[in-house]
Amino acid sequence: MNWIAVLVAAVSAFVLGGLWYGPLFGKKWLAYNGMSEEEARSGHPAKVFGGAFVLSLIAAFVFAMFLGPEPGLQFAVSAGFAAGLCWVAATFGINYLFSRRPLGLWLIDGGYATAMFTLYGVALGLLG
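Residues numbered from 1 in each chain as written. Predicted model: local features only at pLDDT ≥ 70, side-chain atom pairs only at ≥ 80, totals over all residues. Heavy atoms only, no water.

**Description of the overall build of the protein**
So, step 1. Secondary structure assignment for the protein yields 6 helices and 0 strands.
So, step 2. Secondary structure elements of the protein, listed N to C terminal, follow the sequence α-α-α-α-α-α.
So, step 3. Computed over C-alpha atoms, the radius of gyration of the protein comes to 15 Å, within 12% of the 14 Å expected from 2.2 N^0.38 for 128 residues, which places it in the range of a compact globule.
So, step 4. Principal-axis analysis of the C-alpha atoms gives the protein an extent of 45 × 30 × 20 Å.
So, step 5. With 128 residues in all, the protein has 32% of them scored as buried. (Helix = DSSP H or I, 4+ residues; strand = E, 2+ residues; numbered from the N terminus. Rg over C-alpha atoms; globule rule 2.2 N^0.38 Å. Buried < 20%, exposed > 50% of the residue type's maximum accessible area, 1.4 Å probe, protein only.)

The following block contains the structure:
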């Protein structure tokens, strides 16, 4: 296991999340969730951001285990895209359908999961 690759993958997801749920789709995401910016800022930031990073690290580690040693860039990126879209986003879709959540929210959250796992593939394929 290349721990540097796992760490880079986790950091890439964390940075992507900051952009995705910030300037790119943050206002729409808040609106779909019926939250104000003040509500989004409530809570302890270390708990939210620290927890998000730990979960990103866990996801990157397990994905690296799934890919195996030296997976190759093309395979790792393709597997990351497929995992994000077909496992994570599809699972979100099932949950969002039953909970009657808006399609736009699924597109934002599922898009993030797809981009995140694709980035994991890039990091693990290049550095693994």
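Now that the structure is up, let's keep going.
**Let's talk about the packing of helix H1 (residues 3-24) against helix H6 (residues 103-127)**
So, step 1. With their axes 9 Å apart at the nearest point, H1 and H6 run at an angle of 150 degrees to one another. Between H1 and H6, the angle is such that the two are roughly antiparallel. H6 is crossed by H1, and the crossing has right-handed handedness. Residues Ala 5, Val 6, Val 8, Ala 9, Ala 10, Ser 12, Ala 13, Leu 16, Gly 17, Trp 20 and Tyr 21 of H1 pack against Ile 108, Asp 109, Gly 111, Tyr 112, Ala 115, Met 116, Leu 119, Tyr 120, Ala 123, Leu 124 and Leu 127 of H6. (Axes fitted to C-alpha atoms, helices over the stretch in contact; angles between N-to-C directions. Parallel < 35°, antiparallel > 145°, perpendicular 65-115°, else oblique. Left-handed = near helix turned anticlockwise from the far one by under 90°. Contact = heavy atoms within 4.5 Å.)

**Side note on the side chain of Thr 114**
So, step 1. Tracing the backbone shows Thr 114 in helix H6.
So, step 2. Of the polar contacts made by the side chain of Thr 114, one reaches the backbone oxygen of Gly 110; its length is 2.9 Å.
So, step 3. Setting aside residues up to four positions removed in sequence, Thr 114 forms contacts with Gly 80, Phe 81, Gly 84, Leu 85 and Ala 89. (Polar contact = N/O pair within 3.5 Å; in protein donor to acceptor, adjacent residues only side chain to side chain.)

**Describing the pattern of salt bridges**
So, step 1. Across all of its chains, the model carries 2 salt bridges by this definition.
So, step 2. Taking the shortest distance from any N to any O, the salt bridge between Glu 37 and Lys 27 comes out at 3.6 Å. Placement of the pair is Glu 37 in helix H3 (residues 37-41) and Lys 27 in helix H2 (residues 26-33), with a sequence separation of 10 residues.
So, step 3. Given the relative accessible area of 65%, Lys 27 is considered exposed.
So, step 4. When the shortest N-O distance is used, the salt bridge between Glu 37 and Arg 41 registers 3.0 Å. Linking Glu 37 with Arg 41, this pair stays in helix H3, spanning 4 residues, or about one helical turn.
So, step 5. Owing to a relative accessible area of 60%, Arg 41 belongs among the exposed residues under this scheme. (Salt bridge = Lys/Arg side-chain N within 4 Å of Asp/Glu carboxyl O.)

**Considerations on the environment of Tyr 112**
So, step 1. Structurally, Tyr 112 can be placed in helix H6.
So, step 2. Taking relative accessible area as the criterion, Tyr 112 reaches 15% and is therefore assigned buried.
So, step 3. Contacts of Tyr 112, omitting those with residues within four sequence positions, involve Ala 13, Leu 16, Gly 17, Trp 20 and Tyr 21.

**Comments concerning the nonpolar core**
So, step 1. Counting 21 residues, the largest nonpolar core has Phe 63, Met 116, Tyr 120 and Leu 124 as the members making the most contacts within it.
So, step 2. Of all the secondary structure elements, the ones that give two or more residues to this core are H1, helix H4 (45-67), helix H5 (73-98) and H6.
So, step 3. Residues in contact with Met 116, not counting those within four places in the same chain, are Ala 13 and Leu 16. (Core = buried A, V, L, I, M, F, W, Y, C linked by side-chain atoms within 4.5 Å.)

**Focus: the packing of aromatic side chains**
The way to describe two aromatic rings as a pair is by their centre distance and the angle between their planes.
So, step 1. What the rule picks out here adds up to 12 aromatic pairs.
So, step 2. With centroids separated by 5.1 Å and ring planes inclined at 10 degrees, the aromatic side chains of Trp 3 and Phe 61 adopt a geometry described as stacked. Taken together, the positions of Trp 3 in helix H1 and Phe 61 in helix H4 put the pair 58 residues apart, joining distant regions of the chain.
So, step 3. Residue Trp 3 is classed as exposed on the basis of its relative accessible area of 54%. (Phe/Tyr/Trp six-rings, centres within 6.5 Å; stacked < 30°, edge-to-face > 60°.)

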